[in-house]
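Coordinate inspection notes
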Amino acid sequence: MNDVVHNFNKSINIGDYGEQIIKSYLEANPDVLNVIDVSKDKRYQEADIDFIVKLKNGEDISVELKTDTYDTGNIFYEAISNQEYNVLGCMIKSKAKCLFYYFIKTKELYIIDFKAYKKWVNENNERFTKKRIKNINKRGTGITHSVGLLIPKRIFEREMIGHFNKKIVA
């Protein structure tokens, strides 16, 4: 397991950029009545929920958004967000109904049924490569590590049919 390095401040900026793109994408959808950004609300942060999407049919959908800058052919399934303090990752603890996984370079958005995805990963986790990521804190003075699985998109797409949609979002 070799380390990849993430800078906290850079990751926050990338996440904010992804949120802007996906919020605009959702707001342009004719079935969407309103998109509420709850990413800065402490209650929703604890549940790892970024948006509440209110549909015209009356349904509310909670969304966790992950924005990825890498084009490795994988989806990163973060199981531990801080290994030093044993903090569960968003993929484990999120209470969102949907995971939106957005790849900036390829403009691919995977809209995933989170419950089905978690179940599938739990049943198949031994098949995937474990990856540890080195995180530099916002002050640039400390290091923590997150740990997760690299899920090949081709396997995900083949085995999760019926539990996701793939869109191109510019």
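Parameters and conventions
- Residues numbered from 1 in each chain as written.
- Predicted model: local features only at pLDDT ≥ 70, side-chain atom pairs only at ≥ 80, totals over all residues.
- Heavy atoms only, no water.
- Core = buried A, V, L, I, M, F, W, Y, C linked by side-chain atoms within 4.5 Å.
- Buried < 20%, exposed > 50% of the residue type's maximum accessible area, 1.4 Å probe, protein only.
- Helix = DSSP H or I, 4+ residues; strand = E, 2+ residues; numbered from the N terminus.
- Contact = heavy atoms within 4.5 Å.
- Salt bridge = Lys/Arg side-chain N within 4 Å of Asp/Glu carboxyl O.
- Polar contact = N/O pair within 3.5 Å; in protein donor to acceptor, adjacent residues only side chain to side chain.
- Pairing = 2+ DSSP bridges.
- Axes fitted to C-alpha atoms, helices over the stretch in contact; angles between N-to-C directions.
- Phe/Tyr/Trp six-rings, centres within 6.5 Å; stacked < 30°, edge-to-face > 60°.
- Lys NZ or Arg CZ within 6 Å of the ring centre and 35° of its normal.

Some remarks on the nonpolar core
- Ranked by internal contacts, the top residues of the largest apolar core, which has 28 residues, are Met91, Tyr101, Ile112, Tyr117, Trp120, Ile151 and Phe156.
- At the level of secondary structure, the elements contributing two or more residues to this core comprise strand 5 (74-82), helix 3 (90-93), strand 7 (98-103), strand 8 (108-113), helix 4 (114-124), strand 10 (143-152) and helix 5 (153-159).
- Residue contacts for Ile151: discarding those within four places in its chain leaves Gly73, Asn74, Ile75, Tyr77, Tyr117, Trp120, Val121, Phe128 and Phe156.

Comments concerning the pattern of salt bridges
- Applying the stated criterion to the full structure yields 13 salt bridges.
- Notably, a salt bridge pairs Asp16 with Lys40, separated by 3.6 Å at the nearest N-O pair. Highlighted residues: Asp16 in helix 1 (residues 8-27) and Lys40 in the loop between strand 2 (32-37) and helix 2 (42-46), separated in sequence by 24 residues.
- Note that Arg127 is salt-bridged to Glu159, the shortest N-O span being 2.8 Å. Of the two residues, Arg127 is situated in the loop between helix 4 and strand 9 (129-136) and Glu159 in helix 5; the sequence distance between them amounts to 32 residues.
- Within this structure, Glu108, Lys153, Glu157 and Lys166 form a network of salt bridges that share partners.

A short note on unusual backbone geometry
- In this model, Asp48 sits at a positive phi of 50°, which is unusual for a non-glycine residue.
- By the element assignment, Asp48 lies in the loop between helix 2 and strand 3 (51-55).
- One non-glycine residue, Asn86, lies in positive phi territory at about 55°.
- Mapped onto the fold, Asn86 is located in the loop between strand 5 and strand 6 (87-88).
- What makes Asn86 exposed here is its relative accessible area of 62%.

A word on helix 4
- Along helix 4, the positions that sit buried rather than exposed are Phe114, Ala116, Tyr117, Lys118, Trp120, Val121 and Asn124.
- One side-chain oxygen at the N-terminal end of helix 4 lies 3.1 Å from the backbone nitrogen of Lys115; it belongs to Asp113.

A few points about the pairing of strand 5
- Bridge count for strand 5 against strand 10 is six bridges, and the pairing is antiparallel. Its bridge partner lying in strand 10, Ile80 is registered against Val147.
- In this structure, strand 5 lies alongside strand 6, joined through two bridges in antiparallel fashion. Looking across to strand 6, one finds that Asn82 is bridged to Val87.
- The antiparallel pairing of strand 5 with strand 6 creates a hairpin that spans four residues between the two strands, and Asn86 there sits at a positive phi of about 55°.

Comments concerning the sheet that holds strand 3
- Pairing in this open sheet of six strands is mixed, and the strands run 2-3-4-7-8-11 from one edge to the other. This sheet does not close on itself; its edge strands, each paired only once, are strand 2 and strand 11 (164-168). Taken over all neighbouring pairs, the strand axes of this sheet differ in orientation by 25° on average, direction set aside.
- Here strand 3 runs beside strand 4 (residues 60-68); their pairing, made up of four bridges, is antiparallel. In the sheet register, Lys54 faces strand 4, and the bridge partner there is Asp60.
- Relative to the sheet, helix 4 contacts strand 4, strand 7 and strand 8, its axis offset from that of strand 8 by approximately 85°.

Concerning the packing of aromatic side chains
- If you walk through the whole model with that rule in mind, you get ten aromatic pairs.
- Note on Tyr110 and Phe156: the rings are 5.7 Å apart at their centroids and 75° apart in plane angle, and the pair reads as edge-to-face. Of this pair, Tyr110 sits in strand 8 while Phe156 sits in helix 5, and the two are 46 residues apart along the sequence.
- Where Tyr117 meets Trp120, the ring centres are 6.4 Å apart and the plane angle is 20°; that geometry is what we call stacked. Placement of the pair is Tyr117 and Trp120 together in helix 4, with a separation of three residues, close to one helical turn. Like Tyr117, the residue Trp120 is buried in the burial classification.
- Joined through ring pairs, the aromatic side chains of Tyr77, Tyr101, Phe103, Tyr110, Tyr117, Trp120, Phe128, Phe156 and Phe164 make up one cluster.
- For the cation-ring pair, Lys118 lies above Phe114, with the distance from its terminal atom to the ring centre recorded as 4.6 Å.
- For the cation-ring pair, Lys153 lies above Phe103, with the distance from its terminal atom to the ring centre recorded as 4.1 Å.

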